[in-house]
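# Topology and contacts: notes
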Amino acid sequence: MSLLPPNTTAFERKVSTAVAQATSLDVKIKTLSTLDQVPKSFLPILAWQNSVDRWNRDWSDKDKIAQIRASFQVHQKKGTVAALKEITKAFGYSLTVTEWWQEQPNNTPGTFQITIDTEGNEITESSYNTLVALLNDSKPLTRDLKGIELNVVAVRGDSNVACAHYSGDDLTIYPKQEQPIPFIYPIFAHFGHDDTTIYPRA
């Protein structure tokens, strides 16, 4: 179907026909903006479209999609602790914030520290640097991030534990034995003598 006006020249009609063949692409436009269906090569474009602050081409497709999904929530809550948690959650980690007044002794007023638990997931130097940059971008501007603690050894999982115990005694049964009755023959003997010497009378 042509949308050209009736007064179109023959040349213009030929140009329209040639261009129509070049632009007649079998592309479903909706799939280009749907994260579950978009070709992976279009993820950087969606990241730009959704204003993802930091982008790492070395991320896995799963991590890239997670960052795009989290972008709206991060921008909506930017400047709050909730935004920091959303950023960390997109990496598959968890975050705990410790305010200055929660420390013993109290730290410098207006400061805070964060603890990141990787939840047993992998973290690379590149991912760590990107995460720290994102946290600094989204933290409250009036607050000073005093320190970051990273826990990478906490691995949680189900474990099956079994215990067994074996105990027994060996018992040997013999037939009853008659006990012999000993016979005792008492023998007593006594021997004694005296020596007597007799001399004639003087």
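Above this text is the structure in question.
From a predicted model like this one, the values you see are computed outputs, not experimental measurements.

Calculation rules
- Residues numbered from 1 in each chain as written.
- Predicted model: local features only at pLDDT ≥ 70, side-chain atom pairs only at ≥ 80, totals over all residues.
- Heavy atoms only, no water.
- Pairing = 2+ DSSP bridges.
- Helix = DSSP H or I, 4+ residues; strand = E, 2+ residues; numbered from the N terminus.
- Axes fitted to C-alpha atoms, helices over the stretch in contact; angles between N-to-C directions.
- Phe/Tyr/Trp six-rings, centres within 6.5 Å; stacked < 30°, edge-to-face > 60°.
- Buried < 20%, exposed > 50% of the residue type's maximum accessible area, 1.4 Å probe, protein only.
- Salt bridge = Lys/Arg side-chain N within 4 Å of Asp/Glu carboxyl O.

A few words now on the sheet that holds strand β1 (residues 94-99). With mixed pairing, the three strands of this open sheet are ordered in space as β1-β2-β3. Looking at strand neighbours, the two that pair on one side only are β1 and β3 (144-151), the edges of this open sheet. Taken pair by pair, the neighbouring strands of this sheet meet at an average axis angle of 20 degrees, ignoring direction. When β1 meets strand β2 (residues 111-117), the two strands line up antiparallel, connected through six bridges. Across the sheet, Val97 pairs through a bridge with Ile114, a residue of β2.

The next thing to look at is the packing of aromatic side chains. What characterises a pair of aromatic rings is the spacing of the ring centres plus the angle enclosed by the ring planes. Summed over the entire model, instances satisfying the criterion amount to three aromatic pairs. A centroid spacing of 5.8 Å and a plane angle of 75 degrees characterise the contact between Trp55 and Trp59, whose relative ring orientation is edge-to-face. Accessibility expressed as a relative area gives 30% for Trp55, which makes it partly exposed. The interplanar angle of 85 degrees and the centroid separation of 5.7 Å between the aromatic rings of Trp59 and Phe91 together place this pair among those described as edge-to-face. Here the residue Trp59 occupies a position in the loop between α2 (43-49) and α3 (61-76), and Phe91 occupies one in the loop between α4 (81-90) and β1, the gap between them amounting to 32 residues.

Attention now moves to the pattern of salt bridges. Applying the stated criterion across every chain yields a total of five salt bridges. A salt bridge links Asp137 to Arg54, with the shortest nitrogen-to-oxygen separation between them at 2.9 Å. Highlighted residues: Asp137 in helix α5 (residues 125-138) and Arg54 in the loop between α2 and α3, separated in sequence by 83 residues. Given a relative accessible area of 33%, Asp137 falls into the partly exposed group. With a closest N to O distance of 3.5 Å, Glu86 and Lys77 form a salt bridge.

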